[in-house]
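What follows is the residue order along each chain.
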Amino acid sequence: MDEGFLKEQQVMESDLNSETSHKSSVDFLMDWFRRRSIFVLAYGTGCGAIEMPPTFTSRYDAERLGIRGAATPRQADVIIVSGYCSYKTLRRIIRTYEQMANPKYILALGSCTVNGGMYWDSYNTIKRLEDYLPVDMYVNGCMPRPESILEGFMALQKEIGDGKISSWQKYEDNYAFYRKNQEAVLGQTVAPAYDADWYLYDGGL
Amino acid sequence: MIILDLALMLITAYFVGFIYYGLYRNITARFQRRIGPTIFQSFYDSIKFFGKKEAISHGWMFYLGPIIMATGAIMTLFFIPFFYQSESFSGLSGYGNLFLVLYLMLLGPLGNAMGVGVGGNPFGVMGVTRGLTRLFALELPFYIAVVAIMSISQSADIATIAGSQTTINAFAHPLLFIAALFSFVAMMGQSPFDVVGAPVEVYSGPASEFSGKFLSLLMSQSAIFSFAKLVLMVNLFLGGADGFFELLWKTFVLFLFVIAFGAIYGRFKTPQSVDFLIKVPTVIAIVGLIFATAWGN
Amino acid sequence: MFATIKNRFATTDIEVKREDLYKVVVQRDAIFELIFMLREQYDYQTLNAITCCDWIEEEHFAITYILTTSDRKQSFMVQTMIGREDAQIDSLTHTFEQAEIMERDLHEMYGIDFPGNQNLVELSLENWVHTPPLRREFDTLEFVNNNLSFREGRDGNMDVKKEMKRLRALKKAQKAAAKKAKEEASEVSDGN
């Protein structure tokens, strides 16, 4: 038989005996609740951030699906990397992602997070986000419209409900790999200085 | 038997509180011409946060904050009788009167202030500062109104106050009711007095450093505390309730008013809200007090 | 004004680029004197921008100070050349405070040093250790290929240009065949 067909068959069969079948009832219940309540960090990292306000306000109303904004990383479940991501932004995204509580998910928007997009030859922009952070769902387009973002969210919800996503676990298990890639572009000091300098010094607020 | 009574009160307040919060989000969405979430959405959020894992620690004082707050909320609930002439659902109200309830309502915010202060998050501290400033302002008209009601009823017992109203106090003493209502909107954290948790300015205020189980606890206590405050207002001004149906529709009418009020107003700054609360409602309350003592009874 | 500048700074010409924009190229040691003179005597009170252009073939940077009058109706470009190696020119911060951030920008992007600027730290890059990115010897594509990885294409990935050509040819052939069939049909009908 043809090799591609065999591989496809394998993929389909592996789906059947995935972890869903031997999930405890508590896990099942928790996944059900997680799926229905998604807090999105209010942090726009690129030009795609402009598509997020319409997604969350009256016109497209993501709240009817249980998706709503969260102001601080401590309370957020999802961080949206919306578009191109320069080194300087990547530092902040890594810091923010590491501050979020498990389980956490990353939704990546636009061509830029997939393969650099129109910034493919920029010296200051990373090309593949998944080298540095574990991405759960890509929404393609430049930029994706709110409809696409909602569809991405719904796909994410489905995966969460099935208990398939464990990217935060992947990040912890393969931390050496991610750290190596991060250090390759950001140098030894991956995260920005962690203090309230801007608040306490230099004139303050 | 009292243990069973308390447990039933807590369970009722928990579920009704969460359904009211779901309704709040849904009705606000309808005001904004959205479909809005289901009425169980806040409950889902709370359970989800309970299932999150925390990896940080700020020391035990930080985690004591939400616990003190929840203690304050639950104790407040226990000392407020749901019905004015019923043995059940009266909780501990035989052991403490309105003064104790007013004191217990302050316990939560103060405990939370200590916890947030330890966390070291500048936005949390900022939110707490604003919260306490607002608290001192809103207490003034509320306490004047409550003292007037106590003097009218010649009693500090909540069940007695609720049962002794031939015409309900909201109609008999409208000025006191209006003054207390302004304070009540501020107590519920609604616009225009919602500067404490303003998400765009101070990143959800006092709660900005909490996550996981403690945020879930904060949400639960907020639901319970809201219901306790609603029941207190119904007892003091709307003639109390004789059964669950009456209690639910009276609290819901009050809650709907608060939602509608919050949905159409913008946000005051902290000094503005303090200014407003110690000027307008306080003056109304004092005039109401004079009327009540001069021509009352 | 033109005559004064020509006499004093021994420049050959002042270019009138537009009705409201003049340009003059002067020697490096005379440029600040010219800027002060424009500011004090001819009301060019605002420093709009400091720009830099990398002339790698002639081995110099062209630094241009753009000054504008207080009524915003006239601008003057004052240009000078500095060598590319150890590029250095005095800071203008003592005269125009806003020069600080412009000089930081040039320092970061071209590696030009501005003695006298107290705050010559990085502006928008962080911990940049390579060649300053806007110098022309900095090869962006080479840098990207060395430091960053691209995603490999799909297995069935096709060359877009070739594919478009093939599809266009296919369409053309189809059209021609349809036309031919139509003509034949009409011929048959004519014959009848």
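Conventions and cut-offs
- Each chain carries its own residue numbering, running from 1 in the direction its sequence is written.
- Written order determines the labels here, with chains lettered from A and ligands numbered from 1.
- Two thresholds apply to this predicted model, a pLDDT of at least 70 for residue-level local features and 80 or more for giving and counting side-chain atom pairs, whereas whole-chain, interface and lining totals are computed over all residues.
- Side-chain measures here rest on the full set of heavy atoms in the structure, leaving out hydrogens and waters.
- Going along the chain from the N terminus, every DSSP run of H or I of four or more residues is numbered as a helix, and every run of E of two or more is numbered as a strand.
- Accessibility here uses a 1.4 Å probe with only protein chains present; expressed as a share of the type maximum, an area under 20% marks a residue as buried, one over 50% as exposed, and anything in between as partly exposed.
- Whether two residues touch is decided by their heavy atoms; if any such pair falls within 4.5 Å, the residues are in contact.
- Using a 1.4 Å probe, accessible areas were evaluated by the Shrake-Rupley method; residue-level cover was limited to the displayed protein chains.
- The term buried area denotes the loss of accessible surface (1.4 Å probe radius) that occurs when two parts are joined, taken as the sum for both partners.
- Salt bridges, as used here, are contacts in which a Lys or Arg side-chain nitrogen is within 4 Å of a carboxyl oxygen on Asp or Glu.
- Whenever two N or O atoms come within 3.5 Å, that pair is a polar contact, provided that in protein one can donate a hydrogen and the other can accept it, and provided that, for residues adjacent in sequence, both atoms are side-chain atoms.
- Here the nonpolar group is Ala, Val, Leu, Ile, Met, Phe, Trp, Tyr, Cys and Pro; Asp, Glu, Lys and Arg are the charged ones; every other residue, Gly included, is treated as polar.
- Here the rule is simple: two strands pair whenever DSSP picks up at least two bridges between them.
- Each axis is a line fitted through C-alpha atoms, taken for helices only over the stretch in contact, and angles between the N-to-C directions span 0 to 180 degrees.
- Excluding any residue in a salt bridge, patches collect residues exceeding 30% relative accessible area, merging like charges within 9 Å and nonpolar Val, Leu, Ile, Met, Phe, Trp and Tyr side chains within 5 Å.
- Pairing of aromatic rings covers Phe, Tyr and Trp, the last through its six-membered ring, and needs centres within 6.5 Å; plane angles under 30 degrees mean stacked, over 60 mean edge-to-face, and all others mean tilted.
- Each ring is checked for a lysine NZ or an arginine CZ that lies within 6 Å of its centre and within 35 degrees of its normal; such an atom marks a charge sitting over the ring.
- Roughly parallel here means an angle under 35 degrees, roughly antiparallel means over 145, roughly perpendicular means 65 to 115, and every remaining angle is called oblique.

Caption draft 1: Seen up close, the overall build of chain A. When you go through chain A residue by residue, the secondary structure sums to nine helices and five strands. Taken from the N to the C terminus, the helices and strands of chain A come in the order α-α-β-α-β-β-α-β-α-β-α-α-α-α. Here chain A holds 205 residues, and the buried ones make up 48% of them. For chain A, contacts bridging at least 24 residues in sequence account for 77% of all contacts bridging at least 6. Within the structure as shown, chain A displays about 10300 Å² of accessible surface, and the carbon and sulfur contribution to it stands at 53%.

Caption draft 2: Highlighting the interface of chain B and chain A. Across the boundary between the two partners, chain B contributes 31 residues, which contact 26 residues of chain A. Summed over both partners, the interface of chain B with chain A buries about 2500 Å², with 58% contributed by carbon and sulfur atoms. A per-residue breakdown of the area chain B buries against chain A is headed by R34, K48 and K52 of chain B, which together make up 23% of the total. Counting across the chain B and chain A interface gives six salt bridges. For K52 of chain B, the salt bridge identified is with D77 of chain A, shortest N-O distance 2.5 Å. Inspection of the region where chain B meets chain A yields 18 residue pairs in polar contact (both at pLDDT 80 or more). Among the elements that line the side of chain B that touches chain A, the one with the most residues is helix 2 (residues 41-50) of chain B, at seven residues. In terms of residue class, the side of chain B that touches chain A is made up of 15 nonpolar, eight polar and eight charged.

Caption draft 3: A look at the interface of chain A and chain C. Every contact between the two is made by 22 residues of chain A and, on the other side, 18 residues of chain C. Across the chain A to chain C interface the summed buried area is about 1600 Å²; carbon plus sulfur atoms make up 53%. When the shortest N-O distance is used, the salt bridge between E126 of chain C and R91 of chain A registers 2.4 Å. In this structure, the connection of chain A to chain C is made through four residue pairs in polar contact (both at pLDDT 80 or more). If you list the elements that add at least two residues to the side of chain A that touches chain C, you get helix 4 (87-99), helix 5 (110-115) and helix 8 (175-186) of chain A. Broken down by element, the residue count for the side of chain A that touches chain C peaks at four residues, all from helix 4 of chain A. In terms of residue class, the side of chain A that touches chain C is built from nine nonpolar, five polar and eight charged.

Caption draft 4: Structural context of the pattern of salt bridges. All names here are of chain A. With the rule as written, the count across this model stands at 25 salt bridges over all chains. The partner of D31 in a salt bridge is R34, and the shortest N-O contact between them spans 3.4 Å. One end of the pair is D31 and the other is R34, both in helix 2 (residues 25-36) and three residues apart, which spans about a single turn. Residues D31 and R34 agree in their burial class; the two are buried.

Caption draft 5: Up close: the environment of A113 of chain B. Residues and elements named next belong to chain B. Among the secondary structure elements, A113 is positioned in helix 4 (residues 98-119). Each C-alpha atom of the pair A113 and V125 lies 7.8 Å from the other, and the pair is 12 residues apart in sequence. For A113, the residues in contact, after removing those within four places along its chain, are V128 and L132.

Caption draft 6: Structural context of the sheet that holds strand 3 (residues 44-55) of chain C. Residues and elements named next belong to chain C. Across the sheet, five strands lie side by side as 1-2-5-4-3; this open sheet has mixed pairing. With partners counted over all chains shown, the strands left at the sheet margins are strand 1 (15-18) and strand 3, one partner each. Ignoring which end each strand starts from, the neighbouring axes of this sheet average 25° apart. One ladder, built from three bridges, connects strand 1 with strand 2 (residues 21-25); its direction is antiparallel. Of the residues in strand 2, the one forming a bridge with E15 is K23.

Caption draft 7: Structural context of a nonpolar patch on the surface. All names here are of chain B. On the surface, W60, L64, I67 and L217 cluster together into a nonpolar patch covering about 380 Å² of accessible area. Looking at the nonpolar patch element by element, the count peaks at three residues for helix 3 (residues 60-78). Looking at the element boundaries, L217 is found in helix 10 (residues 212-237). Residue classification places L217 among the partly exposed residues on the basis of a relative accessible area of 30%.

Caption draft 8: Geometry of the packing of aromatic side chains. Overall, the coordinates contain 46 aromatic pairs over all chains when judged by the stated rule. Aromatic side chains F39 of chain A and F49 of chain B sit 5.1 Å apart centroid to centroid with 80° between the ring planes, which places their arrangement in the edge-to-face category. Pair noted here: F39 of chain A is in strand 1 (residues 38-41) and F49 of chain B is in helix 2, and the two residues belong to different chains. Seen in terms of ring centroids, F268 of chain B and F276 of chain B are 5.7 Å apart; in terms of plane orientation they differ by 45°. Their pairing is tilted. Judged by its relative accessible area of 25%, F268 of chain B is partly exposed. The exposure class of F276 of chain B is partly exposed, given its relative accessible area of 22%. Among the aromatic residues, ring-to-ring pairing joins Y20, F82, F83, F89, F227, F244, F252 and F255 of chain B into one connected group. When the ring centre of F49 of chain B is taken as reference, the NZ or CZ atom of K48 of chain B above it lies at 4.2 Å. Over the ring of F50 of chain B we find K213 of chain B; its NZ or CZ atom is 5.9 Å from the centre of that ring.

Caption draft 9: Fine view of the packing of helix 5 (residues 122-153) of chain B against helix 10 of chain B. Residue and element names in this part refer to chain B. Where helix 5 meets helix 10, the axes come as close as 11 Å, and the angle between the chain directions of the two elements is 45°. By the angle between their axes, helix 5 is oblique relative to helix 10. Contact residues: F142, A145, V146 and I149 in helix 5; L232, M233, L236 and F237 in helix 10. In terms of residue class, the contact of helix 5 with helix 10 is built from eight nonpolar, no polar and no charged.

Caption draft 10: Quick peek at the arrangement of the chains. Comparison of the two pairs of chains in contact shows the highest number of contacts for chains A and B. Chain C makes no contact with chain B, the minimum C-alpha separation between the two being 25 Å.

Everything listed here is a matter of geometry and, on its own, says nothing about what the molecule does.
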